[in-house]
Amino acid sequence: MTSTFRLGSVAGIPVGFHYSHFVLLALVTWRISSGFLADGYPDWSPWVYWATGALAGGLLSVSILVHELAHSLVARKRGIVVYGIVLFILGGVSELQADSKRARDEFLIAVVGPVSSFLLSAILFVISLALGGGDSPLEAMVLYLAIINLLLGGFNLLPVFPLDGGRVLRSVIWAVTGSYLWATRVAAILGRTAGIGLIGLGIYQFVSGNRLGGVWLVFIGWFVQVAARRSMSEETSHEGSREG
Ligand SMILES: [Zn+2]
């Protein structure tokens, strides 16, 4: 994933932006404004929905960045060169020079992403409670971000390679069997199966009338499936990147 432009760097890690991230931002803004906010807070004027939705979308990008930074910082600490983080249509990706050499490193690098999302979610829930749980745009936005970070952590923990959960699973199989190759094979087969399952579910959703949700699932399924297949052919090379 090459970034279209560079946003800057955090803790010495370059952060880039791929133009496709605008598509995600637009979709998220639209979903928050016309879904979460319009349903939960019916008394606002239209521009407040859109302004709050756009700001929440931007802060979701920051949340994704926090998740990726956690991966990148732990990877760097474990001696892996981090090229940078790129925000793209499916979220973010930490570009690492190589896969981990030890199962323990792989486990720690993978698990810290969802853990950071859960922590962020917990902090936002506490802030939301402290604000009083009213129906102002600020309170709605904090609550939304608390929920979305919880979902972000949960989704990434699905035991499907190349998601974080799939990497955690691979590291556990790797530690137990002592075979990186075997662990990668099992994780890749699970990833491909889940990817094909997601594509099937997406087509079903699309046909049942949930057009956007269906297309999105097909897209994620295709991505998971391709990444899982690629991990098999790359298992002996030293290229690696961390998705999600
Ligand atoms: Zn992750």
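Residues numbered from 1 in each chain as written. Predicted model: local features only at pLDDT ≥ 70, side-chain atom pairs only at ≥ 80, totals over all residues.

A. A look at the domain arrangement of the chain. Taken domain by domain, the chain comprises domain 1 (1-157) and domain 2 (158-244). Each of domain 1 and domain 2 has a C-alpha centre, and the two are 20 Å apart. Taken together, the contact pairs 19 residues of domain 1 with 18 residues of domain 2. Of all elements in the fold, only β4 (91-96), α3 (103-131) and α4 (137-156) reach the threshold of two or more residues within the side of domain 1 that touches domain 2. In terms of residue count, the dominant contributor to the side of domain 1 that touches domain 2 is α3 (7 residues). Per-class residue counts for the side of domain 1 that touches domain 2 are 11 nonpolar, 5 polar and 3 charged. (Domains from an automatic or database assignment. Contact = placed C-beta atoms within 7 Å. Helix = DSSP H or I, 4+ residues; strand = E, 2+ residues; numbered from the N terminus. Nonpolar A, V, L, I, M, F, W, Y, C, P; charged D, E, K, R; others polar.)

B. Region of interest: the packing of helix α5 (residues 164-177) against helix α6 (residues 180-207). Running from N to C, α5 and α6 cross one another at 145°; their axes reach a closest spacing of 8 Å. The interaxial crossing formed by α5 with α6 has right-handed handedness. Touching Gly166, Leu169, Arg170, Ile173, Trp174 and Thr177 of α5 are Tyr180, Trp182, Ala183, Thr184, Val186, Ala187, Leu190 and Gly191, all from α6. Counted by class, the contact of α5 with α6 contains 9 nonpolar, 4 polar and 1 charged residues. (Axes fitted to C-alpha atoms, helices over the stretch in contact; angles between N-to-C directions. Left-handed = near helix turned anticlockwise from the far one by under 90°.)

C. Representation of α5 in the model. The first and last C-alpha atoms of α5 sit 20 Å apart over 14 residues, in line with the 20 Å expected at 1.5 Å per residue. Those residues of α5 that fall on the buried side of the exposure criterion are Asp164, Gly165, Gly166, Arg167, Val168, Leu169, Arg170, Ser171 and Trp174. Buried residues along α5 sit in contact with α3, α4 and α6. (Expected span 1.5 Å × (residues − 1). Buried ≥ 20, exposed ≤ 12 C-beta atoms within 10 Å, placed from the backbone.)

D. How the structure looks around the nonpolar core. Core analysis: the biggest nonpolar cluster contains 51 residues, and Ala56, Ala75, Met141, Tyr144, Leu145, Phe161 and Val224 have the highest contact counts within it. Among the domains, domain 1 (1-157) and domain 2 (158-244) are the pair contributing at least three residues each to this core. (Core = buried A, V, L, I, M, F, W, Y, C linked by C-beta atoms within 7 Å.)

E. Layout of unusual backbone geometry. Not every positive phi belongs to a glycine, and alanine 11 is a case in point at roughly 50°. Here alanine 11 lies in the loop between β1 (5-10) and β2 (13-17).

F. Representation of the environment of threonine 184 within the structure. Topologically, threonine 184 is positioned in helix α6. Judged by the 22 C-beta atoms lying within 10 Å of it, threonine 184 is buried. Sequence separation between threonine 184 and isoleucine 173 is 11 residues, and the spatial gap between their C-alpha atoms is 8.7 Å.

G. Molecular detail of the environment of glycine 165. Residue placement: glycine 165 occurs in helix α5. Classification of glycine 165 by C-beta neighbours within 10 Å gives buried; the count is 23. Along the primary structure glycine 165 and valine 111 are separated by 54 residues, whereas in three dimensions their C-alpha atoms are 7.4 Å apart. Ignoring anything within four residues of it in the chain, the contact list for glycine 165 reads Asn156, Leu157, Leu158, Pro159 and Val160.

H. The arrangement of the pairing of β2 in detail. Of the strand pairs in this sheet, β1 and β2 are connected by 5 bridges, and their pairing is antiparallel. Paired with valine 10 across the bridge in β2 is isoleucine 13. Where β1 hands over to β2, the hairpin turn is made up of 2 residues, of which alanine 11 adopts a positive phi near 50°. (Pairing = 2+ DSSP bridges.)

I. Geometry of the packing of helix α1 (residues 21-40) against helix α2 (residues 46-77). Contact geometry of α1 with α2 gives a least axis separation of 8 Å together with a crossing angle of 130°. Relative to α2, the element α1 lies oblique. The element α1 and its partner α2 pack so that their crossing is right-handed. Residue-level contacts link Leu25, Val28, Thr29, Ile32, Ser33, Leu37 and Ala38 of α1 to Tyr49, Trp50, Thr52, Gly53, Ala54, Ala56, Gly57, Leu60 and Ser61 of α2. (Parallel < 35°, antiparallel > 145°, perpendicular 65-115°, else oblique.)

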